[in-house]
Amino acid sequence: MSPFPHLLAPLRIAGTTLPNRMVMGAMHTRLETLDRPTERLAAFYAARARGEIALILTGGHAPVPEGVMDEGGLVLDRRDQLASHEPITREVRRAGGHIVLQILHAGRYAKVADCVAPSEGKARINTFAPRALATAEVWSTIDSYANTAALAQEAGYAGVEVMGSEGYLINEFTASVTNRRDDEFGGSFDNRIRFPLEIVKAVRARVGAAFIVIYRISSIDLVDGGMTAAEIAAFARRIQQAGADAINTGVGWHEAAVPTIAATVPRAAWAGAVRNVRQAVTIPVIASNRINTPQVAEALLASGAADMVSMARPLLADPDFARKTRLGRADEIAPCIACNQACLDHIFTERVATCLVNPRAGREIEFGDGVEPATSPRRVAVVGAGPAGMTFAINAAGRGHTVTLFEAADQIGGQLVMARRVPGKSEFDGLLRWFEDTLTRNRVRVRIGTRVGADELARGGFDEIVIATGVLPRRPTIPGIDHPKVLGYVDVLGLGTEVGPRVAILGAGGVGFDVAEFLVGEPLESTDIGAFAQAWGVDPSIGVPGGVTRPAPFAARRQIHLFQRKPGTLGRSLGKSTGWILKAKLKRAGVTLTAGVTYEAIDDRGLHYTIDGQPRVLEVDHVILCTGQESNRVLHDELLARGVNARLIGGAAEAAELDARRAIDQATRLAITI
Ligand code: FAD
Ligand code: NAP
Ligand code: SF4
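Residues numbered from 1 in each chain as written. Chains lettered and ligands numbered in written order. Predicted model: local features only at pLDDT ≥ 70, side-chain atom pairs only at ≥ 80, totals over all residues. Heavy atoms only, no water.

1. Some details on the sheet that holds strand E19 (residues 502–506)
In step 1: Spatial strand order, E18-E25-E19-E20-E21: five strands in an open sheet with parallel pairing. Only two strands of the sheet have a single neighbouring strand rather than two, namely strand E18 (486–488) and strand E21 (592–594). Across this sheet, the average inter-strand angle for adjacent strands is 25°, counted without regard to direction.
In step 2: Where E19 meets strand E25 (residues 622–625), four bridges bridge the pair, whose relative direction is parallel. When the bridges of E25 are listed, Val 503 appears paired with His 622.
In step 3: Across the face of the sheet, helix H19 (residues 510–520) comes into contact with E19, strand E20 (559–563) and E25 while running at roughly 175° to E20. (Pairing = 2+ DSSP bridges. Helix = DSSP H or I, 4+ residues; strand = E, 2+ residues; numbered from the N terminus. Axes fitted to C-alpha atoms, helices over the stretch in contact; angles between N-to-C directions. Contact = heavy atoms within 4.5 Å.)

2. What to know about the site of ligand 3
In step 1: If you check the shell around ligand 3, you find Arg 313, Leu 316, Cys 336, Ile 337, Ala 338, Cys 339, Asn 340, Ala 342, Cys 343, Cys 355, Leu 356 and Val 357 and nothing else.
In step 2: Taken together, the residues of the shell around ligand 3 break down into 10 nonpolar, one polar and one charged. (Near = heavy atom within 4 Å. Nonpolar A, V, L, I, M, F, W, Y, C, P; charged D, E, K, R; others polar.)

3. Some details on the packing of aromatic side chains
In step 1: Counted by the stated rule, this structure contains 13 aromatic pairs.
In step 2: On the basis of an interplanar angle of 85° and a centroid distance of 6.5 Å, the ring pair of Phe 185 and Phe 195 is categorised as edge-to-face. Linking Phe 185 in the loop between helix H4 (169–174) and helix H5 (189–192) with Phe 195 in helix H6 (residues 194–207), this pair joins segments that are 10 residues apart in sequence. The residues Phe 185 and Phe 195 share a single accessibility class, namely buried.
In step 3: Among the aromatic residues, those joined into a ring-pair cluster are Trp 139, Tyr 145, Phe 173, Phe 185 and Phe 195.
In step 4: Positioned above the aromatic ring of Trp 536, the side-chain terminus of Arg 588 is 5.5 Å from the ring centre. (Phe/Tyr/Trp six-rings, centres within 6.5 Å; stacked < 30°, edge-to-face > 60°. Buried < 20%, exposed > 50% of the residue type's maximum accessible area, 1.4 Å probe, protein only. Lys NZ or Arg CZ within 6 Å of the ring centre and 35° of its normal.)

4. Here's the deal with the site of ligand 2
In step 1: Of all residues adjacent to ligand 2, which total 20 residues, the nearest are Ala 508, Val 511, Arg 565, Lys 566 and Leu 658.
In step 2: Here a nitrogen atom of ligand 2 sits 3.1 Å away from a polar atom, N or O, in the side chain of Arg 474.
In step 3: Take Arg 565: an N or O atom from its main chain is 2.8 Å from an oxygen atom of ligand 2.
In step 4: Isolated, ligand 2 exposes 890 Å² of accessible area, and the fraction of that covered by the protein chains is 76%.
In step 5: Examining the composition of the shell around ligand 2, we find that three residues originate from one element, H19, more than from any other.
In step 6: In the shell around ligand 2, the residues fall into six nonpolar, eight polar and six charged.
In step 7: Here the shell around ligand 2 gathers at least three residues from each of two domains, domain 2 (379–472 + 630–671) and domain 3 (482–627). (Polar contact = N/O pair within 3.5 Å; in protein donor to acceptor, adjacent residues only side chain to side chain. Areas by Shrake-Rupley, 256 points an atom, 1.4 Å probe, with all protein chains shown as cover. Domains from an automatic or database assignment.)

5. Some points on helix H23 (residues 660–671)
In step 1: For H23, spanning 12 residues, the distance from its first C-alpha to its last is 16 Å, which sits close to the expected 16 Å at 1.5 Å a residue.
In step 2: Residues of H23 that are buried include every one of Ala 660, Ala 663, Ile 664, Asp 665, Ala 667, Thr 668, Leu 670 and Ala 671, and no others.
In step 3: In the core, the buried residues of H23 are packed alongside helix H13 (364–367), helix H14 (387–398), helix H15 (416–419), helix H16 (427–441), strand E16 (464–467) and strand E27 (647–648). (Expected span 1.5 Å × (residues − 1).)

6. Notes on the side chain of Glu 364
In step 1: Its location among the elements puts Glu 364 in helix H13.
In step 2: Within the structure, Glu 364 has its side chain in polar contact with the backbone nitrogen of Gly 362 (distance 3.0 Å).
In step 3: Discounting chain neighbours no more than four positions away, the residues touching Glu 364 are Ala 43, Phe 44, Ala 47 and Arg 48.

7. Some details on the packing of H14 against H23
In step 1: Contact geometry for H14 and H23: axes closest at 8 Å, N-to-C directions at 30°. The angle between H14 and H23 falls in the class roughly parallel. Both H14 and H23 take part in a crossing whose hand is right-handed. Across the interface between the two elements, Pro 387, Ala 388, Thr 391, Phe 392, Asn 395 and Ala 396 of H14 pack against Ala 660, Ala 663, Ile 664, Ala 667, Thr 668, Leu 670 and Ala 671 of H23.
In step 2: Taken together, the residues that form the contact of H14 with H23 break down as 10 nonpolar, three polar and no charged. (Parallel < 35°, antiparallel > 145°, perpendicular 65-115°, else oblique. Left-handed = near helix turned anticlockwise from the far one by under 90°.)

8. What to know about the sheet that holds strand E8 (residues 159–164)
In step 1: Around the barrel, eight strands lie side by side as E3-E4-E5-E8-E9-E10-E11-E12; this closed barrel has parallel pairing. Adjacent strand axes in the sheet meet at a mean angle of 30° when their direction is disregarded.
In step 2: Bridge count for strand E10 (residues 246–251) against strand E11 (residues 285–287) is two bridges, and the pairing is parallel. Paired with Asn 248 across the two strands is Ile 286, which belongs to E11.
In step 3: Helix-sheet contacts for helix H1 (residues 37–50) involve strand E3 (22–24), strand E4 (55–61) and strand E5 (99–103), and the interaxial angle to E4 is about 155°.
In step 4: Lying on the sheet, helix H8 (residues 271–278) is in contact with strand E9 (212–220), E10 and E11; it crosses E11 at an angle near 175°.

9. Observations regarding the pairing of E20
In step 1: The buried fraction of E20 amounts to four of the five residues, a majority that puts the element mostly inside the structure.
In step 2: Direction of pairing for E19 relative to E20: parallel, over a ladder of five bridges. Residue pairing for E20: Ile 505 is matched across the bridge by Leu 562.
In step 3: One ladder, built from three bridges, connects E20 with E21; its direction is parallel. Note that in E21 the partner of His 561 across the bridge is Thr 592.
In step 4: A crossover links E20 with its parallel partner E21, the connecting element being helix H21 (residues 579–588), and its sense is right-handed. (Right-handed = clockwise from strand over helix to strand, strands pointing away.)

10. Observations concerning the domain arrangement of the protein chain
In step 1: Domain boundaries assigned for the protein chain yield domain 1 (17–367), domain 2 (379–472 + 630–671) and domain 3 (482–627).
In step 2: The C-alpha centroid of domain 3 is placed 35 Å from the C-alpha centroid of domain 1.
In step 3: It is Pro 259, Thr 264 and Pro 266 in domain 1 that bury the most area against domain 3; as a group they hold 26% of the surface buried on that side.
In step 4: Joining domain 1 to domain 3, the criterion identifies eight residue pairs in polar contact (both at pLDDT 80 or more).
In step 5: Within the residue set of the side of domain 1 that touches domain 3, elements represented by two or more residues are E9, helix H7 (229–242) and helix H12 (344–348).
In step 6: A per-element tally of the side of domain 1 that touches domain 3 places H12 first, with three residues.
In step 7: For the side of domain 1 that touches domain 3, the residue count by class is 21 nonpolar, seven polar and four charged. (Buried area = accessible area lost by both parts, 1.4 Å probe.)

11. Observations concerning unusual backbone geometry
Keep in mind that most residues, glycine aside, have a negative phi and that most peptide bonds are trans.
In step 1: One non-glycine residue, Arg 36, lies in positive phi territory at about 45°.
In step 2: Along the polypeptide, Arg 36 turns up in the loop between E3 and H1.
In step 3: Positive phi values are uncommon outside glycine, yet Glu 350 reaches one of about 60°.
In step 4: Mapped onto the fold, Glu 350 is located in the loop between H12 and H13.
In step 5: Residue Glu 350 is classed as exposed on the basis of its relative accessible area, which comes to 61%.

Here's what the structure looks like:
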């Protein structure tokens, strides 16, 4: 019997029988901003349908132009737009899948000058201030949802999802904090929920009984003035009565000060909020957020918290998630590590979404479907089992080459071995396990504990040599740099060297921030749901409006000072969607952030530096260097000196701004060319 009986059980919704309980959640991909957008979107969704996900929810489509996420965003409000949808629904159907169009009116989050809301008042996360809708405009907006649903039906979608969470327009109506209206859509609870109830009724009236209508409810708002658990439950019942076939759950508004999907959030952290909705209704309820393995999903369903699970980012990391689950090959699923680096952070910086783990995501047209066997299999040596070397080896071996992967350390992973020791980065463990299993499955000969030299490579009879030797930490020239107080990040994260209670960290890039987080110490928060709730001020019972309380005080293990030489705010290089979380944690831990310094010396007293021309001394036990990295090309240069050609990838090729995302992308692209 499958270990996933709940996850693999069929479910009937509005006349459609779904083969399992796995839903791909709506994602804004920005694929529509590229050339051939329809073809790209069709290929993207069809790949997931072939991977047997039961139901695909599209990215949000505004029912009116002023409801778009940003300029040029997706709108479906006219019949002449159907031509760009029909190929998508056709391809998904041909692949055996079901696709539902999400209707999303961004309200005061819309990054457009003519954005609208129930009441005036700019969102903290938008530069544009909304205009309050007149009563007649609210009724016409309700009609526009029904119009979009009817168009979706004509385009061949299996249904629509009405997006009522995350702080967008509908949520702005339901919460008193953003709804100060005095007409029939404001004031009392009944009046505030009238807007979504009328939308669901209007949509149902237009599309008939056989078309799926899902409502995405905010299962916990995480903002002051949001709903309580009792209100959410009552609202869910009314949504069912209004005609919804299923309720999907969202978590937190975008402006909430609580992380909701980053790696620092424990897996299935929001199960309690989903259960509250499920207990209130008899239609299927879908859980979402931080569900990234079949095991987590199965446990959630088995516990009775939900009927289905929605996974968005995990379907970027592996389009075949559901198929592998069905076939008993769950351990082959490439895991989403909740880093947000190539998905949300791309979207927030106006780039197209893809995935750190799977660079093919969103680029189905470029990479093609499946693995192209090599025309002439060769013997390939890969040096360095960091993300670049491992990815290259897996992809090259998958194409039929005979690959030997040399690694000097006694384990694979490169710098990811250090990354996973940082609180909130434990998901890297799963990625490293997946790399290890996939190397074995693809029959890569892995030689750990082998610092291979140029002679051995030159004599090895390899047709191709790929150098992925990564980076070496940069050691700045500061008087006293060899003082015993000075440590490198490798000493701290790699070798586990004891660190004293007073610490100066030089360099505030990703590594400097990670070392600071590691040293303040919060080991429980990213795996223990109770500890997470206390740390971020979440009331799991949602007894208070919005479910937010005061975060628990935090006792840092050390006094930490983080420095950079350049002026300006520290942490500019951190990810848009995660940098604020890290900074908030460090603030709570009393870490000081200082920019614009010149390091003068390190001695028995500690760190001597100047700021604004003033000399200062900071008495510390240790000074930790996180001052960037340089390419490790020793082996490559030795090979060149012998006249042996080798290809460079990852940090060995270019250290500046290198991260695992770029290393994996580059390695994948090279592997399909040899
Ligand atoms: P590396 O990971 O440096 O691997 C190179 C490998 O080559 C090493 O294992 C080394 O032992 C081996 N090697 C070297 N010479 C030889 C030889 N002669 N013979 C055999 N083996 C050899 N990136 C992200 O994208 N997201 C993050 O959250 C993130 N967090 C990080 C946290 C920390 C603390 C650190 C240090 C880095 C983090 N990074 C992160 C950066 C990321 O880990 C690197 O960009 C990535 O590992 C570089 O990959 P690579 O394969 O080029 O090199
Ligand atoms: P980095 O981002 O380049 O930061 C290096 C820091 O050292 C900077 O603050 C820099 O600022 C300082 N510095 C540079 N040269 C110096 C010198 N000669 N003397 C003193 N200070 C110097 O590098 P990193 O922090 O080592 O990170 C390496 C890569 O890993 C980055 O590309 C990063 O994206 C990636 N990474 C990503 C994550 C993530 O969560 N996504 C986490 C960790 C690492 P000043 O010059 O102003 O002092
Ligand atoms: Fe998951 Fe990171 Fe890939 Fe986004 S980029 S889908 S968070 S692994």
